Amino acid sequence: MLLEREDHIERMMQLLGRARAAEGCIVALVGEAGVGKTSLVDAFVRKIGDRANVLRSACEDLSIPEPLGPLYDLVRVTRLDLAITAHGGSRLQLFSELLHRLSAADRPTVLIIEDVHWADDATLDLIRFLGRRIAGTNILVVLTARNEATEGQRRLRQALGEIPTGTVCRVEVPLLSEAAVARLAAEAGLDAAAVFRATEGNAFFTSEVIEAGNAEALPGSVSDAVLRRAERLSPGARETLDTAAVFPRRAELSILMDLLGADAAPNIREAVAAGLLTETGDHLQFRHEIARRAIETALPEGARRSINGKVLAALSETADIPAVRLVHHARQAHEPTVVRRLAPAAAAEASALGSHREAAEMLSALLSGLGGNTLPDFAELSMALGIELYLLGRMDEALVKAEDARHRYEQQGDLLKVGDCLRWISRFNYLNGDRVAAELHAAAAVRLLSAQPPGGELAMALSNQSQLSTLADRVEECLRTGKAAVALAASIGRSDIVCHALNNMGYVRQWQDLDAAQTGLTASLEMALADDLQEHAARAYCNLGCLLINWFAYAEAERALSVGVAYCVERDLDTWRDYMRAWQGELALRLGRWDEAAAIALSVLDNPSATPLSRFPAGLTLARLRIRRGDNASALLQQLDQYLVRGREFQRLAAYAVVRAEAAWIAGHGQREALALLQESIELMPNRKLYPELIFWHAKLNSILPDANEIAPLASADMPFERALLLLDGTPAERMAALSVLRSLGATAVIERESRAQAPRAVVPARGPGRSTTENPLGLTQREMQVLALIAQSRSNKAIARELAISAKTVDHHVSAVLGKLAASSRLEAANKARDLGLV
């Protein structure tokens, strides 16, 4: 009897009506274990009748989930015409084919996937894929999941959160009320109040208590209730129950019959008649997973291992049994030989399908299992595990595995593999925020591999060096190593390495020519998409988006990043997804969409798996917002400062310098430290056109007028905050307009800073203060003071010569004189001393 579920069924029928009108959607039935989610789905399917095509599957409680298990299940059990292996590992093609088949029928299709809290990553990606495309179809997807605070529930919640809200309906399945329990208890002649106190309205527990039928001694837990009923069975039926319990979700009836022998049929009938097992076509399963777990957990360890061993032997003789199922039973039976034989292929299959989490778990179980340390291919498997962990964003663990693999290859004398490990370690270190370690390992890899016969390892190591040069904006070095990588890779037919190197060179060319940079990146992206080189494609999308932001092409950047994020979400490329999301936050900040920027930045920073690579730009965005709004950003600034300790490459340093400059200007202190960062960034800057913020803040903190042409992009209406800062120094009308914009943005701290100003800041002309030599405490001439003012603006000798209309040789003499009189060893030291003395 199904009580208190009429409204839920009616709601689901309404959603089916929407699907019939080509307004497909997803409904997630969520509730605690045993609350009655499956019973609700059963009642819904009965009410549907022949009004829709129903496809039903479920996730299994395997020790390591089967990648795309529910989809394989549909093919195996419902005979869904879908050739999963025919798509060459391309999930996008596979998912698209499934969507086409589900929506091609004349009547609606209801796809049911139960127990999604046990779903593997590829299945969650399938749910995301369908959710983003289901709105215009006749498909209703029904999911069931527990609402416990588990990692599986968190990942499901995240997956549903990435689907448009209008296509997802979350339905809480509540516990039964006291009145409903009383009605059921009364029919069984039990004390209604006692039953409700024991079960608290859990539907399955209530039914088990009533089935137990003992009014004198109610069971204390649902497990007790199940075990009490099992104790009534004959020995043969109990053996049937115990054997079925080691099969996650359901057991093949034919295999169960073979395992149980001649008396299997009557024993199975007894267990079914007792209400503990149900027969579903060719399978036998428990009425609820709670009951299966209760029986399995009650088995003595020796008995559980023995039964799993028998099941493993039987399944091994059966065709089309997924390797992951065999590995599950082998682990439960403590059969390390079987695990060693099957796990590598199962992990590779999981990785190819995008289930990197499951691949990592499979490899980890293999390497940490009994006798794993003696595996002849341990080094190879350890490196494979490192790569899976890297794809999941778990960089510290990835580094440990890669170092272990390198050590083992060194012991084996396999120098090519050692070099390749060094290259991977370089990559992992960079993504973990350690630029210095990345450079050292990259150089070591090229040095070692250059002494070996040339091949793919050296080509990739060269491209890795090219990539590090790209990220440090060392143009010539990037192009030199990139071209060497392309030449070698092309000669041995390694298009993937050619694609990688083209990506590097395309991005670094932004400092020379936007069109050339876009052409190179587009070529790399097209090659990656054509050959399904997923990580290379993700890099290309990312670099294209960042490049367009640097060139202030914000509409194009927004499109590139949006497509790139969607690409990564579909393929479980978490690291690249998070990094592009962080840049989407930066873009939203520039465009004045501050609330959106804050939400994006927090989504990255709140993700425990996000790498330092992604946390840095997200932290920059959030810090700038907090500074502008007057909120406390000190903790964020400390974190950002720590990221720079291990590598001060230009793209990070410049952005951080601007944040510190904003903070110093608003707070009225810290200018010296901020100016030092700005000066260091300007000296590293390959092209002054692309970072006008550095020029602007360097001038503002020096109280001088910047070159209007160099900061022209900041005056764009696309950048409301920066434009408002420029207008603050304009006419009274412009100042009023700027304050209005700042109020609309919520820049409270900036407005308060302006209110504190008693009078307009005196602006020092770019040609210097013009003091006479006799007035100068250091004996600097007026011309030397002019040169010093321009040194403080980071002008080169050639630029100073043009500004003052004198020869470069004369400027050299003045610079030498200035450095001597200030007792400074560098131009930066001279500028800092001049500020301290109030000379500029």
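Everything below is about the structure printed above this text.
Residues numbered from 1 in each chain as written. Predicted model: local features only at pLDDT ≥ 70, side-chain atom pairs only at ≥ 80, totals over all residues. Heavy atoms only, no water.

### Some thoughts on the sheet that holds strand 4 (residues 139-146)
Threshold: The pairing criterion is simple: DSSP has to find at least two bridges between the two strands. Numbering of helices and strands runs from the N terminus; a helix is a DSSP stretch of H or I covering at least four residues, while a strand is a stretch of E covering at least two. Each axis is a line fitted through C-alpha atoms, and for a helix only the stretch in contact is used; angles between axes span 0 to 180 degrees, taken between their N-to-C directions.
With parallel pairing, the five strands of this open sheet are ordered in space as 2-3-4-1-5. Strand pairing shows two members of the sheet lacking a second neighbour, strand 2 (53-58) and strand 5 (168-172), which therefore form its edges. Taken pair by pair, the neighbouring strands of this sheet meet at an average axis angle of 15°, ignoring direction. Pairing geometry for strand 3 (residues 109-114) and strand 4, over five bridges, is parallel.

### Quick notes on the sheet that holds strand 8 (residues 283-286)
Reading across the sheet, the three strands line up as 6-8-7 and stay open at both edges, with antiparallel pairing between neighbours. Taken across any chain shown, the strands that pair with only one partner, and hence form the sheet edges, are strand 6 (250-252) and strand 7 (277-280). Pairs of neighbouring strands in the sheet enclose a mean axial angle of 25°, with direction left out of account. The sheet contact formed by strand 7 and strand 8 spans four bridges and is antiparallel. Across the sheet, leucine 277 pairs through a bridge with phenylalanine 286, a residue of strand 8.

### Digging into the side chain of asparagine 138
Let me state the cut-off plainly: With a 1.4 Å probe rolled over the protein chains alone, any residue whose accessible area is under 20% of its type maximum counts as buried; one over 50% counts as exposed, and the rest are partly exposed. Here a polar contact is taken to be a pair of N or O atoms separated by no more than 3.5 Å, where protein atoms must pair a possible hydrogen donor with a possible acceptor and residues adjacent in sequence count only if both atoms sit in side chains. Contacts are residue-level and defined by heavy atoms, with any inter-residue pair within 4.5 Å sufficient.
By the secondary structure assignment, asparagine 138 is in the loop between helix 5 (121-133) and strand 4. Of the residues examined, asparagine 138 reaches a relative accessible area of 13% and is grouped as buried. A distance of 3.3 Å separates the side chain of asparagine 138 from the backbone oxygen of arginine 107, its partner in a polar contact. Those residues within four positions of asparagine 138 in sequence are excluded, and the remaining contacts are Ala19, Ala22, Leu102, Ser103, Ala105, Arg107, Pro108 and Thr109.

### Description of the environment of serine 794
Tracing the backbone through its elements, the reader meets serine 794 in the loop between helix 39 (782-792) and helix 40 (797-804). Among the residues examined, serine 794 registers a relative accessible area of 14% and is labelled buried. The sequence separation of serine 794 and leucine 591 amounts to 203 residues, and the corresponding C-alpha distance is 29 Å. Once residues lying within four places of it in the same chain are set aside, the contact partners of serine 794 are Gln679, Ile682, Arg688 and His698.

### Quick word on the pattern of salt bridges
Stated formally: Here, a salt bridge means any side-chain nitrogen of Lys or Arg that lies within 4 Å of a carboxyl oxygen of Asp or Glu.
A complete count under the given rule lists 46 salt bridges for this structure. Of the charged contacts, one joins arginine 287 and glutamate 208 as a salt bridge, the two residues approaching to 2.5 Å between their closest N and O atoms. Of the two residues, arginine 287 sits in the loop between strand 8 and helix 14 (289-298) while glutamate 208 sits in helix 9 (residues 203-212), which places them 79 residues apart along the sequence. We note a salt bridge from aspartate 578 to arginine 577, for which the minimum N-O separation is 2.9 Å. By relative accessible area, which is 6% here, aspartate 578 ends up buried. A residue is classified by how much of its surface remains accessible, and arginine 577, at 8% relative accessible area, is buried. What emerges from the salt-bridge pattern is a single network uniting Arg435, Glu439, Arg474, Glu477, Glu649 and Arg652.

### Overview of the packing of helix 40 against helix 41 (residues 808-821)
Heads up, the condition is: Each angle receives one of four descriptions, namely roughly parallel if under 35 degrees, roughly antiparallel if over 145, roughly perpendicular if within 65 to 115, and oblique otherwise. Note on residue categories: nonpolar means Ala, Val, Leu, Ile, Met, Phe, Trp, Tyr, Cys or Pro, charged means Asp, Glu, Lys or Arg, and polar means any other residue, Gly included.
Closest axis-to-axis distance for the helix 40/helix 41 pair is 9 Å, and the angle between their directions is 110°. Here helix 40 lies roughly perpendicular to helix 41, going by the angle between them. Residues Asn797, Ile800 and Ala801 of helix 40 form the contact with helix 41, whose own contacting residues are Ala808, Val811, Asp812 and Val815. Partitioned by chemical class, the residues of the contact of helix 40 with helix 41 number five nonpolar, one polar and one charged.

### Examining the pairing of strand 4
Side-chain positions along a regular strand alternate between the two faces of the sheet. With eight of its eight residues buried, strand 4 lies for the most part within the structure. Going residue by residue along strand 4, you find Ile139, Val141, Leu143 and Ala145 tucked away on one face and Leu140, Val142, Thr144 and Arg146 tucked away on the opposite face as well. As defined by bridge partners, strand 1 (residues 25-31) adjoins strand 4 across seven bridges and the pair is classed as parallel. Across the sheet, valine 27 pairs through a bridge with valine 142, a residue of strand 4.

### Let's talk about a negative patch on the surface
To keep things clear, this is the line we draw: Each patch is built from residues lacking any salt bridge and having more than 30% relative accessible area; the joining distance is 9 Å for like charges and 5 Å for nonpolar side chains (Val, Leu, Ile, Met, Phe, Trp, Tyr). Throughout, the Shrake-Rupley method with a 1.4 Å probe supplies accessible areas, and for residues the shown protein chains are the sole cover considered. Here Asp and Glu are counted as negative and Lys and Arg as positive; His is not counted, and neither are the chain ends. To locate a charge, the coordinates of NZ of Lys, CZ of Arg, CG of Asp or CD of Glu are taken.
Judged by side-chain charge, Glu4, Glu6, Asp7 and Glu10 come together as a negatively charged surface patch. Looking at where aspartate 7 falls in the secondary structure, it is placed in helix 1 (residues 6-20).

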